[in-house]
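# Examining the three-dimensional arrangement
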Amino acid sequence: MTRMGASRQTSGTEPERPGGGAGVADGVDGVSVEGVRVHAFSVPTDGPDGAEEDGTLRWEATTAIVVEVLAGGRTGVGYTYGDVSTAGFVASQLAPLVTGGDALAPAALWHRMFAAVRNAGRPGVGAMAVSAVDIALWDLKARLLGLPLYRLLPAVHDQVPVYGSGGFTNYPHSRLAGQLAGWVEQGIPRVKIKTSRHPGQDAARLSAAREAIGPDTELFADANGALSRKEALYWARRMAGEWDVRWLEEPVSSDDTAGLRLLRDQGPGRLEIAAGEYGFVLGDFAALLEAGAVDCLQADVTRCGGITGLLQVAGLAAAHRVDLSAHCAPAASAHAFCAVERLRHLEYFHDHVRVEERLFDGVLRPVGGALRPAHDRPGLGLQVRWADAEPYRVHGHRPG
């Protein structure tokens, strides 16, 4: 794990060991949530001129909303990525609903939260706020029981394959090549770059990427919905034929299910069409699957209703016989997606890796192209690094 700075202060009590500690054996029934704390931290990007770009967006910082849920002498930690307003949503709409609830029943509290936020806005910020709290509740339950989170879930895997993701459209070729080659050197067998902001530059960028990773590493591309249907079909054929691209994510907007289906039907056979990272409620995923719009579905555990919501999406994907890929948030996704039967892989996203390494101790690093949840640390295995996180704070107060 990456260590930064000299000061180390963690959240809650001292790290628990599985199989021991308060609340693990006797007295675990009837544990009520005692309180909720909400924080937000905005970490500047390390892109050129302090910014990063993809096909449709430019940003200068990534904001993590971190939620702590307290019960039985333990503190569960969850998080999402979004605007700082998400922290206010958690504090005003969700914290009062969860406080006093059963800490051992995350799914029951999930239903309570989703029902209550109907008029406040369930998709978007509402779903992201629920996701952060839900992840914290599952983490809390696992800590109370002294189990790693993936062991508490209906796990069918004990590791999650990853692909390196970054390759922003404003990277110079040297940085693009260096980043991709670095992932390959770590043993990651698949990498992804952003495309389609300036399509005229993409041929040279794809050539630089392929040269950097060699012929045996899988190359993915992500247009972030920047292309029209005909443009996307043109680039799908070029990408597959000239650079052996195997995965094209959001070639058109994920709202355009007919366009995605067209790409899937008329594009090259070895090029898979993917979408779903902007799914917030179950109907979003059902729409993609029922339209036959994707070869591989994506879901973000920090957007789709947390772990409780993800389990529903995983069942839906299994029913449609479509694989599910994890979008970003590797520290949480590595545990959550062990419970996904039709697991494909996890997006090891440059920005989120940087943020999680700054905010938490206990983050995972890929080994052999996969993230393997620690079997000897309860919950997600994370502890907030308050001293290191404090300079990035944009909401809340440091505990204690």
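Each value, and the rule that gives it
Along each chain, residue indices are assigned from 1 in the same order as the chain's sequence is written. Selection of residues for local features in this predicted model requires a pLDDT of at least 70, selection of side-chain atom pairs for listing and counting requires 80 or more, and totals for whole chains, interfaces and linings are taken over all residues. Hydrogens and waters are ignored; side-chain quantities use all the structure's heavy atoms. UniProt positions are given in the numbering used here, feature names are shortened, and annotations may be inferred rather than shown by experiment. Geometry is summarised by axes, namely lines fitted to C-alpha atoms with helices restricted to the contacting stretch, and by angles between N-to-C directions that run from 0 to 180 degrees. Secondary structure elements follow DSSP: runs of H or I of four or more residues count as helices, runs of E of two or more count as strands, with numbering from the N terminus. Oblique is the label for every angle not falling under 35 degrees (roughly parallel), over 145 degrees (roughly antiparallel), or within 65 to 115 degrees (roughly perpendicular). Note on contacts: a residue pair is in contact if any heavy atoms of the two residues lie within 4.5 Å. Crossing handedness: left-handed means the near helix sits turned counterclockwise from the far one by under a right angle, and right-handed means the same turn made clockwise. For two strands to be treated as a pair, DSSP must find no fewer than two bridges joining them. In this scheme, a residue with accessible area under 20% of its type's maximum is buried, one over 50% is exposed, and one in between is partly exposed, where area comes from a 1.4 Å probe on protein chains only. Seen with its strands pointing away from the viewer, a crossover is right-handed when the path leading from the first strand over the helix to the second is clockwise. Note on aromatic contacts: the rings of Phe and Tyr and the six-membered ring of Trp form a pair at centre separations within 6.5 Å, being stacked when their planes are under 30 degrees apart, edge-to-face when over 60 apart, and tilted otherwise. A residue counts as positive if it is Lys or Arg and as negative if it is Asp or Glu; His and the chain ends are not included. For this analysis, a salt bridge means a side-chain nitrogen from Lys or Arg found within 4 Å of a carboxyl oxygen belonging to Asp or Glu. It is the directions from the helix axis to the C-beta atoms whose arc is reported. pLDDT is a residue-level measure of predictor confidence that goes from 0 to 100. A helix is expected to span 1.5 Å multiplied by its residue count minus one.

Taking an unreviewed UniProt entry as the reference, the protein chain is identified by name as Mandelate racemase belonging to Streptomyces tubbatahanensis. Recorded in UniProt under Cofactor (unreviewed entry), the annotation for the protein chain is "Mg(2+)".

## What about the packing of helix H2 (residues 106–116) against helix H11 (residues 306–319)?
Closest axis-to-axis distance for the H2/H11 pair is 9 Å, and the angle between their directions is 95°. It follows that H2 is roughly perpendicular to H11 by the angle criterion. Residues Pro106, Ala107, Trp110 and His111 of H2 touch H11, and the partners they reach there are Thr308, Gly309 and Gln312.

## Focus: the packing of H2 against helix H4 (residues 125–145)
One can describe the packing of H2 onto H4 by two numbers: an axis separation of 10 Å at closest approach and a directional angle of 165°. It follows from the interaxial angle that H2 and H4 lie roughly antiparallel. Judged by the twist between their axes, the crossing of H2 over H4 is right-handed. Counting all contacts with H2, which are made through Pro106, Leu109, Trp110, Met113 and Phe114, the residues of H4 involved are Ala127, Val130, Val133, Asp134, Leu137, Trp138 and Lys141.

## Remarks on the sheet that holds strand S17 (residues 393–395)
Sheet architecture is open: 4 strands sit in the order S5-S4-S1-S17, paired in antiparallel fashion. Edge positions in the sheet fall to strand S5 (74–81) and S17, since each has one partner strand and no second. Geometrically, the sheet is characterised by an average inter-axis angle of 30° between neighbouring strands, direction not taken into account. Against the sheet, H4 engages strand S4 (61–71) and S5, with an angle of about 150° to S5. Running over the sheet, helix H13 (residues 350–359) touches strand S1 (35–44), S4 and S5 and is turned about 45° from S4.

## Side note on the pairing of strand S8 (residues 218–222)
A large share of S8 lies buried, amounting to 4 of its 5 residues. One ladder, built from 5 bridges, connects strand S7 (residues 190–194) with S8; its direction is parallel. Each bridged residue has a counterpart across the sheet, and for Val191 the counterpart in S8 is Leu219. Read as a crossover between parallel neighbours, the route from S7 over helix H7 (residues 199–213) to S8 is right-handed. Judged from the 4 bridges that link them, S8 and strand S9 (residues 245–249) form a sheet pairing that is parallel. By the bridge assignment, Phe220 is partnered in S9 with Trp247. Each parallel crossover has a hand, and for S8 linked through helix H8 (residues 229–243) to S9 it is right-handed.

## A look at the packing of aromatic side chains
What describes a pair of aromatic rings is the distance from one ring centre to the other and the angle between the planes of the rings. The tally for this structure, following the rule as stated, stands at 10 aromatic pairs. On the numbers, 5.8 Å between centres and 85° between planes, the contact of Tyr79 with Tyr81 is edge-to-face. Of the residues examined, Tyr79 reaches a relative accessible area of 1% and is grouped as buried. Overall, Tyr81 belongs to the buried group, its relative accessible area being 9%. Pairing Tyr163 with Phe220 gives two aromatic rings, centres 5.2 Å apart and planes at 65°, and the pair type is edge-to-face. Taken together, the residues span a long stretch of sequence, with Tyr163 in strand S6 (residues 160–166) and Phe220 in strand S8 at a distance of 57 residues.

## Focus on the side chain of Lys141
Assignment of secondary structure puts Lys141 in helix H4. Comment: no salt bridge for buried Lys141; closest opposite-charge side chain is Asp102, at 7.9 Å. If we ignore the near neighbours within four places in the chain, the residues touching Lys141 are Ala103, Leu104, Pro106 and Leu152.

## Observations concerning the UniProt feature "domain: Mandelate racemase/muconate lactonizing enzyme C-terminal" (unreviewed entry) in the protein chain
Taken from the UniProt record, the annotation "domain: Mandelate racemase/muconate lactonizing enzyme C-terminal" (unreviewed entry) applies to residues 173–270. Annotated as residues 173–270, this span is 54% helix and 15% strand, and its ends, taken at the C-alpha atoms, are 26 Å apart.

## Considerations on H2
Burial in H2 covers these residues: Pro106, Leu109, Trp110, Met113 and Phe114. Down the axis of H2, the buried set is contained in an arc of 135°. They therefore lie on one face. Residues of H2 that are buried in the fold lie against helix H1 (85–98), helix H3 (118–121), H4 and H11.

## So, the confidence of the model for the protein chain
Of the residues in the protein chain, 93% reach a pLDDT of 70 or more, and the chain-wide mean stands at 93. Of the regions scoring below 50 in pLDDT, residues 1–27 engages in 55 contacts with residues more than four places distant in sequence or in other chains.

## Quick notes on helix H6 (residues 173–185)
Over its 13 residues, H6 extends 18 Å from the first C-alpha to the last, a length consistent with the 18 Å expected when each residue adds 1.5 Å. Listed in full, the buried residues belonging to H6 are Leu176, Gln179, Leu180, Ala181 and Trp183. The inward-facing, buried residues of H6 contact S6, S7, H7, strand S13 (343–349) and H13. After H6 finishes, the residue Gly187 shows a positive phi value of roughly 90°.

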